[in-house]
Amino acid sequence: MRLRRAAPGIGFAAFVEQRSGALFRTAYVLTGDAHAAEDLVQETLERACRHWRKVAASDAPEAYVRRILVNLANDRHRRLNRPGQRTAPLAPSGYREPADPRDAYRSVELREELVAALHTLPMGMRTVVVLYYLHDLGDREIAQALDISPGSVRSQLARGLARLREVLPRQEDPPLSSPPVASTSREGAP
């Protein structure tokens, strides 16, 4: 009796359920637009689904799918930035309620500014910065994913961070342990 070997790795539906959020975040940071990011993720997952056996059999299915996403984002960027075509600027930020200074996650308030600043970088440099910081990939992993040398990754990362420091305003962090400042004038108090 011949035993049939089970399909390696995770199923496609489970993969989508577990990793589509991370793929969307990457796509959003690379495109700067939620609708474009959704389209990019959908196309990425469509391509991954067509070849799921090959993807699931790879050493790192998530890295394989992330590479599809990055390649599609690069293709989209090239297509939109052909001579004579211009990409629409990022939408201006709307009203945001200020974050509580005691909130450990107050840096989320800077997300729009960071995404806009990332879009001042060339696509290759932006991709390196996103993969390094958003996905915690090392220079060798990024080099392998983008088919460039680790030295190029380090160089693009350093130049990208230098440009971001020029564009982004320096934020002073208030101490997390300090209590909120109470108003000294109390209207209506006896």
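Caption draft 1: Seen up close, the packing of helix α7 (residues 139-146) against helix α8 (residues 150-167). The interhelical angle for the contact between α7 and α8, taken along N-to-C directions, is 105 degrees, at an axis separation of 8 Å. The orientation of α7 relative to α8 falls into the category roughly perpendicular. Residues Asp-139, Arg-140, Ile-142 and Ala-143 of α7 touch α8, and the partners they reach there are Pro-150, Val-153 and Arg-154. Taken together, the residues of the contact of α7 with α8 break down into four nonpolar, no polar and three charged.

Caption draft 2: A look at the side chain of Arg-126. When you line up the elements, Arg-126 lands in helix α6 (residues 123-133). Buried and unpaired, Arg-126 has Asp-33 as its nearest opposite-charge partner, separated by 12 Å. A polar side-chain atom of Arg-126 sits 2.6 Å from the main-chain carbonyl oxygen of Leu-30. Those residues in contact with Arg-126 that sit more than four places away from it in its chain are Val-29, Leu-30, His-77, Leu-118, His-119 and Leu-121.

Caption draft 3: Layout of the environment of Arg-53. Position of Arg-53 relative to the elements: it lies in helix α3 (residues 52-57). As for Arg-53 and Ile-10, which are separated by 43 residues in sequence, their C-alpha atoms are 9.9 Å apart.

Caption draft 4: Inspection of the nonpolar core at higher detail. Of all hydrophobic cores here, the largest spans 36 residues; its most connected members are Trp-52, Val-65, Leu-118, Ile-142 and Leu-164. Residue assignment for this core shows that the elements contributing at least two residues are α1 (12-31), α2 (34-50), α3, α4 (61-80), α5 (111-118), α6, α7 and α8. The residues contacting Val-65, other than those within four sequence positions of it, are Phe-15, Leu-23, Thr-44, Ala-48, Trp-52 and Val-55.

Caption draft 5: Inspection of the pattern of salt bridges at higher detail. The tally for this structure, following the rule as stated, stands at six salt bridges. Note that Arg-19 is salt-bridged to Glu-62, the shortest N-O span being 2.8 Å. Of this pair, Arg-19 sits in helix α1 while Glu-62 sits in helix α4, and the two are 43 residues apart along the sequence. Since its relative accessible area comes to 26%, Glu-62 is described here as partly exposed. What emerges from the salt-bridge pattern is a single network uniting Arg-19, Glu-62 and Arg-66.

Caption draft 6: Geometry of unusual backbone geometry. Positioned with a positive phi, Asp-136 is a non-glycine residue whose angle comes to about 55 degrees. As for its placement among the helices and strands, Asp-136 is situated in the loop between α6 and α7. A positive phi is found at Asp-147, a non-glycine position, where the angle reads about 60 degrees. Along the chain, the position of Asp-147 falls in the loop between α7 and α8. The exposure class of Asp-147 is exposed, given its relative accessible area of 64%.

Criteria and thresholds
- Residues numbered from 1 in each chain as written.
- Predicted model: local features only at pLDDT ≥ 70, side-chain atom pairs only at ≥ 80, totals over all residues.
- Heavy atoms only, no water.
- Axes fitted to C-alpha atoms, helices over the stretch in contact; angles between N-to-C directions.
- Helix = DSSP H or I, 4+ residues; strand = E, 2+ residues; numbered from the N terminus.
- Parallel < 35°, antiparallel > 145°, perpendicular 65-115°, else oblique.
- Contact = heavy atoms within 4.5 Å.
- Nonpolar A, V, L, I, M, F, W, Y, C, P; charged D, E, K, R; others polar.
- Buried < 20%, exposed > 50% of the residue type's maximum accessible area, 1.4 Å probe, protein only.
- Lys, Arg positive; Asp, Glu negative; His and termini not counted.
- Salt bridge = Lys/Arg side-chain N within 4 Å of Asp/Glu carboxyl O.
- Polar contact = N/O pair within 3.5 Å; in protein donor to acceptor, adjacent residues only side chain to side chain.
- Core = buried A, V, L, I, M, F, W, Y, C linked by side-chain atoms within 4.5 Å.

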